[in-house]
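Overview (structure and organization)
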Amino acid sequence: ITAIAKPFKTDDVHHELSDLGVNGMTLTEIKDFDRLKGHIEVQDVIDFLPKPKLAVAVADDLCDRAIETICKAAGTGQIGDDKIFITDLEQSIRIRTGETGNDAL
């Protein structure tokens, strides 16, 4: 699951996913440009807006609950709440132990 959200919502998403049992999350700072073309609520125009990109790998049986959790924790109901992308994960391997699949998550 990859989610792009407002910067001040990152901690909320992290805490809620942890409470759900998601053990890891990767956070990358990105610059976002979408169909709003940098417009923010005060109608200023900025080419790219800084945003966090959160990535989590979860087992299939936890995916729907994780998506719902991210939506609740990251949502403000305002412009810029952004998006969640779901992709299938073909394989996961924990390098240190050699664990694979859900055991590596």
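Structure: above.
These numbers come from a predicted model, not from an experiment. (Residues numbered from 1 in each chain as written. Predicted model: local features only at pLDDT ≥ 70, side-chain atom pairs only at ≥ 80, totals over all residues. Heavy atoms only, no water.)

1. Observations regarding the overall build of the chain
Across its full length, the chain carries two helices and four strands. Taking all 105 residues of the chain together, the buried fraction comes to 29%. Expressed as a percentage of contacts within the chain between residues at least 6 apart in sequence, the contacts between residues at least 24 apart total 66%. Carbon and sulfur atoms form 50% of the exposed surface of the chain, whose accessible area is close to 7,300 Å². (Helix = DSSP H or I, 4+ residues; strand = E, 2+ residues; numbered from the N terminus. Buried < 20%, exposed > 50% of the residue type's maximum accessible area, 1.4 Å probe, protein only. Contact = heavy atoms within 4.5 Å. Areas by Shrake-Rupley, 256 points an atom, 1.4 Å probe, with all protein chains shown as cover.)

2. Topic: the nonpolar core
By size, the foremost hydrophobic cluster in this structure holds 15 residues, and its most contacted members are I1, V13, L17, V22, V56, V58 and I70. If you list the elements that add at least two residues to this core, you get α1 (10–20) and α2 (60–74). The biggest single contributor to this core is α2, with six residues. Apart from residues lying up to four places away in sequence, V22 is in contact with L17, V56, V58 and L62. (Core = buried A, V, L, I, M, F, W, Y, C linked by side-chain atoms within 4.5 Å.)

3. Some thoughts on the packing of α1 against α2
In the contact formed by α1 and α2, the axes pass within 9 Å of each other and the chain directions differ by 150°. Here α1 lies roughly antiparallel to α2, going by the angle between them. Relative to α2, α1 is oriented so that their crossing is right-handed. Contact residues: D12, V13, E16, L17 and L20 in α1; L62, R65, A66, T69, I70, A73 and A74 in α2. The class makeup of the residues in the contact of α1 with α2 is eight nonpolar, one polar and three charged. (Axes fitted to C-alpha atoms, helices over the stretch in contact; angles between N-to-C directions. Parallel < 35°, antiparallel > 145°, perpendicular 65-115°, else oblique. Left-handed = near helix turned anticlockwise from the far one by under 90°. Nonpolar A, V, L, I, M, F, W, Y, C, P; charged D, E, K, R; others polar.)

4. Some thoughts on the environment of D12
By secondary structure assignment, the location of D12 is in helix α1. On the accessibility criterion, D12 (34% relative accessible area) is partly exposed.

5. Considering the pairing of strand β3 (residues 49–55)
Where strand β1 (residues 2–4) meets β3, three bridges bridge the pair, whose relative direction is antiparallel. Residue pairing across strands places A3 opposite L54, the latter belonging to β3. For strand β2 (residues 26–32) and β3, the ladder comprises seven bridges, and the chain directions are antiparallel. The residue of β3 that forms the bridge with T26 is A55. (Pairing = 2+ DSSP bridges.)

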